[in-house]
Amino acid sequence: MYPTKLRRWHSAMIRTCSALVLLACCWTPVFANGLQPFRGPQPVRFLVGTNWQTGLHLIDSSTESLVMARDGWLHTVAADSRQTKMQPTRKRFEPASAMQMRNQLRAEFGSDFDVVATQNFLVVQPRGRGDRWPEMFEDCHRSFVDFMTKRGVQVRHGRFPMVAVVLPDARAMYAELDRLKIDVSRVSGIYANRCNRVMTHDGGRLASIAATVRHEAAHQSAFNTGVHSRVNDTPSWITEGVGQMFEPAAINSAGASQRIGERVNAESMAHLRKTMTLRSSKDLAGWVQRLVDGDEAFRDPVEVHTAYSVAWAMMFYLSERDNEGFADILNFTATRPPFETYRRGQRRIDFERIMGTDTLTFANRLARFLNDLP
Ligand SMILES: [Zn+2]
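Residues numbered from 1 in each chain as written. Predicted model: local features only at pLDDT ≥ 70, side-chain atom pairs only at ≥ 80, totals over all residues. Heavy atoms only, no water.

Draft legend 1. Molecular detail of the layout of surface pockets. Taken as a whole, the largest pocket spans an internal volume of roughly 600 Å³. Among the elements of the structure, strand S2 (51-60) and helix H3 (98-109) are those that each provide at least two residues to the lining of the largest pocket. Looking at the lining of the largest pocket element by element, the count peaks at four residues for H3. Formed jointly, the lining of the largest pocket draws a minimum of three residues from each of two domains, domain 1 (22-88) and domain 2 (96-224). Of the voids in this model, the second largest pocket is the one considered here, and its volume is about 500 Å³. Within the residue set of the lining of the second largest pocket, elements represented by two or more residues are S2 and helix H6 (206-224). A per-class count over the lining of the second largest pocket returns 11 nonpolar, seven polar and four charged. (1 Å grid on protein atoms, 1.4 Å probe; cavity = no way out; pocket = protein on both sides within 12 Å on 5 of 7 lines; lining within 4 Å. Points joined across faces, edges and corners; volume = space filled by probe spheres on them. Helix = DSSP H or I, 4+ residues; strand = E, 2+ residues; numbered from the N terminus. Domains from an automatic or database assignment. Nonpolar A, V, L, I, M, F, W, Y, C, P; charged D, E, K, R; others polar.)

Written out as structure tokens, the structure reads:
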């Protein structure tokens, strides 16, 4: 149904808007112009509200500094308050332990919520909701790591415990998003890069929001295991293609389904069949080129559905038919220099070099693959 899907696009756009666009628009130009060379992250003390925290000073732009806190949040310090709100320190930067973060979350959410610790997560949920959510997040992450590792993608152990917040209903979730100043409407779950949290709610039928949660959980896993970088500009067809790929339940169950039909994102596939012919690459080629070159279509309400569907198709094709290309494009984009604008021409050059072919031939192969799917 339209609104459900829309919620997911909104959510993905929020992530893009709040983090990547911020980084791309505000931070990059300084470095792209070569005005401030990157010296590598430095430990600092910095002021958040009235509290001094220890963090890692990542980078400066002409207007702000970007600092990562011990809980994995990304904070900004305005350039004109750098002197008063940020000081160098000799203390080593240590990410918060799971125990410290658990205590912090208990204080933050109060006695109406449990904080359940699993191997990789701290799940904040209304009291007495049992293991359903913690198991779901844990399963999603395990399947993600397994899927990526099998295909040669470099996966590292995350530095921060991942936090998933389950609010009791949609209204409580919007209130929480408001509190965090995340401007969003009509979503059933989001991954917010700035606070490194997945947020969703328990007020509807799980089946109706499960695909969204799996999509957002895949973003969180990707950004926490180094499959994507939180501080560089990864093309949206790659990040959203990965998100879309993990929506089907079959990819997230133990020992992902052997049947390709169950791994297909049925909604993306139906949209592609409805909007373009797949018997040739006539329609697809233009889309592949647009997504390889830039992210504009993901921000255009008229085009966003097709952008997500083509992104899914590209990543799914690579993961099924070209493991090397799949691993190489992820490993390459994850290790690009931080805060550097990824320019259109360069995106195309890198894509064609990594795939060993031009976008047109790639689109031909993709069309044949899609046309043959059950
Ligand atoms: Zn997304």
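Draft legend 2. Just the pattern of salt bridges, in detail. Counted according to the given criterion, the structure contains 19 salt bridges. Residues Glu 94 and Arg 92 are paired through a salt bridge, measuring 3.4 Å at the closest nitrogen-oxygen approach. Of the residues examined, Glu 94 reaches a relative accessible area of 40% and is grouped as partly exposed. Looking at Arg 92, the relative accessible area reads 64%, which means it is exposed. What emerges from the salt-bridge pattern is a single network uniting Glu 108, Glu 176, Arg 179 and Arg 197. (Salt bridge = Lys/Arg side-chain N within 4 Å of Asp/Glu carboxyl O. Buried < 20%, exposed > 50% of the residue type's maximum accessible area, 1.4 Å probe, protein only.)

Draft legend 3. Inspection of the coordination of the zinc ion at higher detail. All of the protein donors around the zinc ion are His 215 (NE2), His 219 (NE2) and Glu 240 (OE); their distances to the metal are 2.0 to 2.1 Å. Expressed as a motif, the donor residue spacing for the zinc ion is H-x3-H-x20-E. One end of the pair, His 215, is in helix H6; the other, Glu 240, is in helix H7 (residues 236-245), and 25 residues separate them in sequence. According to the relative accessible area criterion, His 215 is buried, its value standing at 0%. (Donors = N, O, S within 2.8 Å, 3.2 Å for Na, K, Ca; no water.)

Draft legend 4. Seen up close, empty space enclosed by the protein. Per the stated rule, a full pass over the model turns up three cavities of 30 Å³ or more. Considering only enclosed or pocket space, the largest cavity measures out at about 70 Å³ in volume. Lining the largest cavity are Asp 71, Trp 73, Met 101, Gln 104, Leu 105, Pro 161, Val 163, Cys 195, Asn 196 and Arg 197. For the lining of the largest cavity, the element with the highest residue contribution is H3, accounting for three residues. Partitioned by chemical class, the residues of the lining of the largest cavity number six nonpolar, two polar and two charged. Taken as a whole, the second largest cavity encloses approximately 50 Å³ of empty space. Considering the residues around the second largest cavity, the lining is formed by Pro 235, Trp 237, Ile 238, Val 292, Ile 329, Thr 333, Tyr 342, Arg 347, Asp 350 and Phe 351.

Draft legend 5. Summary view of the sheet that holds strand S7 (residues 121-126). The five strands are arranged S6-S7-S8-S10-S9 in an open sheet whose pairing can be described as mixed. Edge positions in the open sheet fall to strand S6 (113-117) and strand S9 (189-192), since each of these has one partner strand only. Neighbouring strand axes in the sheet, compared pairwise and without regard to direction, differ in orientation by 15° on average. By the bridge criterion, four bridges tie S9 to strand S10 (residues 197-201) in an arrangement that is antiparallel. Along S10, the bridge assignment pairs Gly 189 with Thr 200. Strand contacts of helix H4 (residues 132-150): S6, S7, strand S8 (162-167) and S10, with the helix running at about 150° to S7, the strand carrying the most contacts. (Pairing = 2+ DSSP bridges. Axes fitted to C-alpha atoms, helices over the stretch in contact; angles between N-to-C directions. Contact = heavy atoms within 4.5 Å.)

Draft legend 6. Structural view of the side chain of Arg 263. Within the secondary structure, Arg 263 is located in helix H9 (residues 260-263). Using a relative accessible area of 13% as the deciding quantity, one classes Arg 263 as buried. Polar contacts involving the side chain of Arg 263 include one to the side chain of Glu 320, which spans 2.8 Å. (Polar contact = N/O pair within 3.5 Å; in protein donor to acceptor, adjacent residues only side chain to side chain.)

Draft legend 7. Quick look at the sheet that holds strand S3 (residues 64-69). Spatially, the five strands line up as an open sheet ordered S4-S3-S2-S1-S5, and their pairing is antiparallel. Every other strand in the sheet has two partners, leaving strand S4 (74-78) and strand S5 (86-88) as the edge strands with one partner each. Strand-to-strand, the axes of this sheet are offset by a mean angle of 45°, without reference to chain direction. Alignment of S2 against S3, held across five bridges, turns out to be antiparallel. Within S3, the residue paired with Ile 59 across the bridge is Leu 66.

Draft legend 8. Region of interest: helix H12 (residues 304-321). Over its 18 residues, H12 runs 25 Å from end to end, which matches the ideal 26 Å to within 8%, given 1.5 Å per residue. Judged by how many residues are buried, H12 sits mostly within the fold: 17 of 18 residues are covered. (Expected span 1.5 Å × (residues − 1).)

Draft legend 9. Region of interest: the packing of helix H10 (residues 266-275) against H12. Interaxial distance between H10 and H12 falls to 9 Å at its minimum, and their mutual angle equals 115°. What the angle tells us is that H10 and H12 run roughly perpendicular. The handedness of the crossing between H10 and H12 comes out as left-handed. Residues Ser 268, Met 269, His 271 and Leu 272 of H10 touch H12, and the partners they reach there are His 305, Thr 306, Tyr 308, Ser 309, Val 310, Trp 312 and Ala 313. Looking at the contact of H10 with H12 residue by residue, the classes come out as six nonpolar, five polar and no charged. (Parallel < 35°, antiparallel > 145°, perpendicular 65-115°, else oblique. Left-handed = near helix turned anticlockwise from the far one by under 90°.)

Draft legend 10. Highlighting the pairing of S3. Burial within S3 is extensive, with five of its six residues counted as buried. Linking S2 to S3, which pair antiparallel, is a turn of three residues. Pairing between S3 and S4: five bridges, direction antiparallel. Note on S4: the bridge partner recorded for Glu 64 is Ala 78.

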